[in-house]
Amino acid sequence: MKKKIVLLAFFMCVVLTGCTPLQEMSLDDIIDNGTNRQVSVYNKYRKGYKYNLPKGLGVLDSTEYNEVIASSDYTYYLYVDAVSYYNKIIETYEENDVSFYSKAISFEDKYGYLEINEIDNGKYFIEIMYNYAKIEVIVEYRDINVTVANSLSVLSSISFNDSVLKTLLDEETSQFKEFEFNIFETSSTESEYLQAVEGDIYEEEEIHDSDLIN
């Protein structure tokens, strides 16, 4: 009897809501689902912004507008461009047919892009910019979908505090220039930003956030 109930529930989920296992979804659908969501819960608070980190991810290191986030298998490099947000800078992304995947992202007043390129050893370099922030991560092919979903969950949840940012821009402008990194630009190989952060952080394997998954 229980087995029949479970099967019926699954059937109703597929037929009535159209839910599909993440690995079977297209990247287009993952983007649509990831951008069309409302966030009401936040668990990470920074100077001038906050965001929600999904379960299973933890922060290894945080330096104002750079975050090093890790799952059990991969490391995500997050950069929040508060200056571009505050000044409402908008640059268009041109899709290409050379990358493994290339798509401009736009939802309401938020925009960005997803570009995925195959690199050495059959791994894939994911660059996803959305809502004035960017995540870079290198993954195996089988984990592309879940990684894109995790990244969009973080990026779409970012909420800026205009009054705090105004104060920071007026008083501490130099802090925004500690690391020059253009979130509007993409690269077909491992970025200079990713290399720089990796060299600084991983000389010592130290966890700075207690919610990092083991």
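Basis of the calculations
Residues numbered from 1 in each chain as written. Predicted model: local features only at pLDDT ≥ 70, side-chain atom pairs only at ≥ 80, totals over all residues. Heavy atoms only, no water. Helix = DSSP H or I, 4+ residues; strand = E, 2+ residues; numbered from the N terminus. Buried < 20%, exposed > 50% of the residue type's maximum accessible area, 1.4 Å probe, protein only. Contact = heavy atoms within 4.5 Å. Areas by Shrake-Rupley, 256 points an atom, 1.4 Å probe, with all protein chains shown as cover. Expected span 1.5 Å × (residues − 1). Pairing = 2+ DSSP bridges. Axes fitted to C-alpha atoms, helices over the stretch in contact; angles between N-to-C directions. Salt bridge = Lys/Arg side-chain N within 4 Å of Asp/Glu carboxyl O. 1 Å grid on protein atoms, 1.4 Å probe; cavity = no way out; pocket = protein on both sides within 12 Å on 5 of 7 lines; lining within 4 Å. Points joined across faces, edges and corners; volume = space filled by probe spheres on them. Polar contact = N/O pair within 3.5 Å; in protein donor to acceptor, adjacent residues only side chain to side chain. Core = buried A, V, L, I, M, F, W, Y, C linked by side-chain atoms within 4.5 Å. Phe/Tyr/Trp six-rings, centres within 6.5 Å; stacked < 30°, edge-to-face > 60°.

1. Quick look at the overall build of the chain
On a plain count of helices and strands, the chain comes out with six helices and ten strands. Looking at the chain as a whole, 43% of its 214 residues qualify as buried. Pairs at least 24 apart in sequence give 56% of the contacts found in the chain among residues at least 6 apart. Only carbon and sulfur atoms are counted for the fraction: they give 48% of the accessible area of the chain, which is about 12400 Å².

2. With respect to helix H4 (residues 144-157)
Here H4 contains 14 residues, and its C-alpha end-to-end distance of 20 Å stays within 8% of the 20 Å for a straight helix at 1.5 Å per residue. Most of H4 is tucked away: twelve of the 14 residues are buried. Within H4 the residues assigned to the buried category are Ile-144, Asn-145, Thr-147, Val-148, Asn-150, Ser-151, Leu-152, Ser-153, Val-154, Leu-155, Ser-156 and Ser-157.

3. Regarding the sheet that holds strand E3 (residues 58-63)
Strand pairing in a sheet is mediated by backbone hydrogen bonds. Such pairs are either parallel or antiparallel. Pairing is antiparallel in the open sheet, where seven strands are placed in the order E3-E4-E5-E9-E8-E7-E6. The sheet is open, and its two borders are formed by E3 and strand E6 (101-107), each paired with just one other strand. If you compare each strand with its neighbour and ignore which way they point, the axes differ by 15° on average. Pairing of strand E5 (residues 75-80) with strand E9 (residues 133-139) involves four bridges; the strand directions are antiparallel. Bridging from a neighbouring strand, Tyr-79 pairs with Lys-134 of E9. Sheet strands in contact with helix H2 (residues 27-35) are E6, strand E7 (110-118) and strand E8 (124-130), and its direction is about 25° off that of E6. Packed onto the sheet, H4 meets E5, E7, E8 and E9 and runs at close to 25° relative to E8.

4. Observations concerning the pattern of salt bridges
A complete count under the given rule lists six salt bridges for this structure. Here Asp-28 and Lys-103 are joined by a salt bridge, their closest N and O atoms 4.0 Å apart. You can see Asp-28 sitting in helix H2 and its partner Lys-103 sitting in strand E6, a full 75 residues away along the chain. The partly exposed category is assigned to Asp-28, whose relative accessible area is 35%. The closest approach of N and O atoms between Glu-67 and Arg-46, which form a salt bridge, is 2.9 Å. Of this pair, Glu-67 sits in strand E4 (residues 66-70) while Arg-46 sits in strand E1 (residues 44-46), placing them 21 residues apart in sequence.

5. Some details on the sheet that holds strand E2 (residues 49-51)
Taken in spatial order, the three strands make up an open sheet running E1-E2-E10, and their pairing is antiparallel. Single-partner strands in this sheet number two, and they are E1 and strand E10 (159-160). The pairing of E2 with E10 spans two bridges and is classified as antiparallel. Following the sheet pairing, Lys-50 is matched in E10 by Ser-159.

6. Structural notes on the layout of surface pockets
Estimates place the volume of the largest pocket at around 380 Å³. Of all elements in the fold, only E7, H4 and E10 reach the threshold of two or more residues within the lining of the largest pocket.

7. A closer look at the environment of Tyr-132
Position of Tyr-132 among the secondary structure elements: in the loop between E8 and E9. For the pair Tyr-132 and Lys-88, spaced 44 residues apart in sequence, the C-alpha to C-alpha distance is 9.1 Å. Polar side-chain contacts of Tyr-132 include one of 3.0 Å to the backbone oxygen of Ile-89.

8. Examining the nonpolar core
Within the largest apolar cluster, 43 residues are counted, with the highest numbers of intra-cluster contacts made by Tyr-51, Leu-78, Leu-114, Ile-116, Ile-126, Ile-128 and Val-148. Sequence-distant contacts of Tyr-51, defined by excluding residues within four places in its chain, comprise Tyr-42, Asn-43, Lys-44, Arg-46, Val-59, Glu-67, Ile-69, Leu-78, Val-154, Ser-157 and Ile-158.

9. What to know about the packing of aromatic side chains
Enumeration over the complete set of coordinates arrives at ten aromatic pairs. Taking 6.5 Å as the distance between ring centres and 45° as the angle between the ring planes, the aromatic pair formed by Tyr-49 and Phe-160 counts as tilted. Of this pair, Tyr-49 sits in strand E2 while Phe-160 sits in strand E10, and the two are 111 residues apart along the sequence. Comparing Tyr-49 with Phe-160, the two get one shared label, buried.

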